[in-house]
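# Survey of secondary and tertiary structure
As a plain string of letters, each chain reads:
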Amino acid sequence: MNTEVAGDRVIASCDGRFERSVDLILVREVFEIFGNVDYKTGNISFPGDVIIHGHVSDGFKVESGASIVCHETLDASEVVCRGDLIVNRGIIGRNKGSVKVGGSIKAKYIENCYVEAGDKIFVEAGILHSMILTHKTLEMGRKSIIVGGKITAQNGVIAFNVGNRMGIKTEISCGVDYSVQQKIGWINEKTVALATKLDQIERGIRKKAGDIKKLYTMKEKIAATIHKLNEVLKTLMKQQSKSEAATVIVKGTVYPGVYIEICSSSYVVSREIASVRFRLDRESEKIVAEPYAKDLF
């Protein structure tokens, strides 16, 4: 595997880790760093798995075509991997870090970071002031906490404590595909900007200000672009699948200041509630809060 025979020699056909058994010689696409990612190593980009035995320093990029394992703290200036991300300690973004993962994420904590995952996310201790997005579920460890920022988990959230007594705004959104929502948001913003530009051009035409022929040409182009964007928006709205069965389970306490949204229906927490499950009532299209038995934890 990942080897080729040249005469009486076996040559690696890719970078990686040499492994040998009784009847097999292979090279696994693994890049191991027995220390930290810093000025000594520079940025890391590798087509296979990346294993970092130390920490990743602030300001460095780590990119993997497979999975990344970091045994210490990950200062996430920019992290991209197609597979899973495992961080034995925490992910720190410093309000500018970005983590984009094709698979799942497992970490002890996440602070001030933008985190995006195609699969489920498990965080043991806490998520603080971060933007978290996943196509699956977010699950928190026992005695964990989510404070500040926004969580978007298509299939739901299982948490312990959410928010705090200071009333820091914390948002949890479930039941929708965040990638489709992002596209819809971009189209809406672009359409508003184009509509404003179109209005300015039409006022210029009415006042006969400038090159009228050029203004009419610009008007036609912008109107055509708006029409195309509206058609794309209609397609996206049809494609958008809703996970109406998505729930937000809080095993400990959810505090006032927490905003919950399931399939575009919203619920604002106005008092402390312990051991609760938030779900969407399909008949009323409203979110209901109901007790969640501790023996089911």
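Residues numbered from 1 in each chain as written. Predicted model: local features only at pLDDT ≥ 70, side-chain atom pairs only at ≥ 80, totals over all residues. Heavy atoms only, no water.

## A look at the overall build of the protein chain
From N to C terminus, the protein chain includes two helices and 24 strands. When burial is assessed residue by residue, the protein chain has 42% of its 297 residues classed as buried. Across the protein chain, contacts joining residues at least 24 apart in sequence account for 22% of those joining residues at least 6 apart. Only carbon and sulfur atoms are counted for the fraction: they give 50% of the accessible area of the protein chain, which is about 16400 Å². (Helix = DSSP H or I, 4+ residues; strand = E, 2+ residues; numbered from the N terminus. Buried < 20%, exposed > 50% of the residue type's maximum accessible area, 1.4 Å probe, protein only. Contact = heavy atoms within 4.5 Å. Areas by Shrake-Rupley, 256 points an atom, 1.4 Å probe, with all protein chains shown as cover.)

## Some words on the pairing of strand β17 (residues 156-159)
Two faces, one strand: in a regular strand the side chains alternate between the faces of the sheet. By the bridge criterion, three bridges tie strand β15 (residues 137-140) to β17 in an arrangement that is parallel. Residue pairing across strands places Leu138 opposite Val157, the latter belonging to β17. As defined by bridge partners, β17 adjoins strand β20 (residues 247-254) across four bridges and the pair is classed as parallel. When the bridges of β20 are listed, Gly156 appears paired with Thr247. (Pairing = 2+ DSSP bridges.)

## A short note on helix α1 (residues 178-206)
With 29 residues, α1 extends 42 Å from end C-alpha to end C-alpha; this agrees with the ideal 42 Å at 1.5 Å per step. Where α1 is concerned, the buried positions are Tyr178, Val180, Ile184, Ile187, Thr191, Leu194, Leu198, Ile201, Gly204 and Ile205. (Expected span 1.5 Å × (residues − 1).)

## Details of the environment of Arg142
Within the secondary structure layout, Arg142 lies in the loop between β15 and β16 (145-153). Since its relative accessible area comes to 61%, Arg142 is described here as exposed. Counting along the chain gives 18 residues from Arg142 to Phe160, while the straight-line C-alpha distance between them is 6.2 Å.

## Some details on the nonpolar core
Within the largest apolar cluster, 54 residues are counted, with the highest numbers of intra-cluster contacts made by Leu85, Ile91, Val99 and Leu138. Setting aside anything within four residues of it in sequence, one finds Ile91 in contact with Leu74, Ala76, Leu85, Val99, Ile105, Ala107, Tyr109, Ile110, Glu111 and Cys113. Residues Ile184, Leu194, Leu233 and Leu236 belong to the second largest nonpolar core, which totals 13 residues. (Core = buried A, V, L, I, M, F, W, Y, C linked by side-chain atoms within 4.5 Å.)

## Considering the packing of aromatic side chains
Summed over all chains, the structure comprises three aromatic pairs. Ring geometry for Phe31 against Phe46: centres 5.6 Å apart, planes inclined by 35°, an arrangement best described as tilted. Of this pair, Phe31 sits in strand β5 (residues 30-33) while Phe46 sits in strand β6 (residues 44-46); the two residues are 15 residues apart in sequence, bridging distant segments of the chain. We classify Phe31 as partly exposed; its relative accessible area is 33%. (Phe/Tyr/Trp six-rings, centres within 6.5 Å; stacked < 30°, edge-to-face > 60°.)

## A short note on unusual backbone geometry
Peptide bonds are, in most cases, trans, and in most cases residues other than glycine have a negative phi. For Asn112, which is not a glycine, the phi torsion comes out positive at approximately 50°. Mapped onto the elements, Asn112 comes out in strand β13 (residues 105-117). What makes Asn112 partly exposed here is its relative accessible area of 23%. Even without a glycine there, the phi angle at Lys143 is positive, about 65°. Note that Lys143 resides in the loop between β15 and β16.

## As for the side chain of Glu290
With respect to the helices, strands and loops of the structure, Glu290 is situated in strand β24 (residues 286-291). There is a polar contact of 3.1 Å between the side chain of Glu290 and the side chain of Arg279. Not counting chain neighbours up to four residues away, the residues in contact with Glu290 comprise Ser275, Val276, Arg277 and Arg279. (Polar contact = N/O pair within 3.5 Å; in protein donor to acceptor, adjacent residues only side chain to side chain.)

## Thoughts on the environment of Met131
When you line up the elements, Met131 lands in strand β14 (residues 121-134). By relative accessible area, Met131 is classed as partly exposed at 34%. Along the primary structure Met131 and Glu111 are separated by 20 residues, whereas in three dimensions their C-alpha atoms are 9.4 Å apart. Setting aside its immediate chain neighbours within four residues, Met131 contacts Cys113, Tyr114, Val115 and Lys150.

## Looking at the pairing of strand β12 (residues 85-101)
Direction of pairing for strand β9 (residues 68-70) relative to β12: parallel, over a ladder of three bridges. Bridging from a neighbouring strand, Ile68 pairs with Leu85 of β12. Summarising the sheet, strand β10 (residues 74-75) and β12 pair through two bridges and their orientation is parallel. Bridging across to β12, Leu74 finds its partner in Ile91. Two strands pair when backbone bridges link them, and strand β11 (residues 78-81) and β12 are joined in this way by four bridges, in the parallel orientation. Along β12, the bridge assignment pairs Glu78 with Ser98. With 11 bridges joining them, β12 and β13 adopt parallel strand pairing. Its bridge partner being in β13, Val99 is matched across the sheet by Val115.

This is a description of form; function is not addressed.
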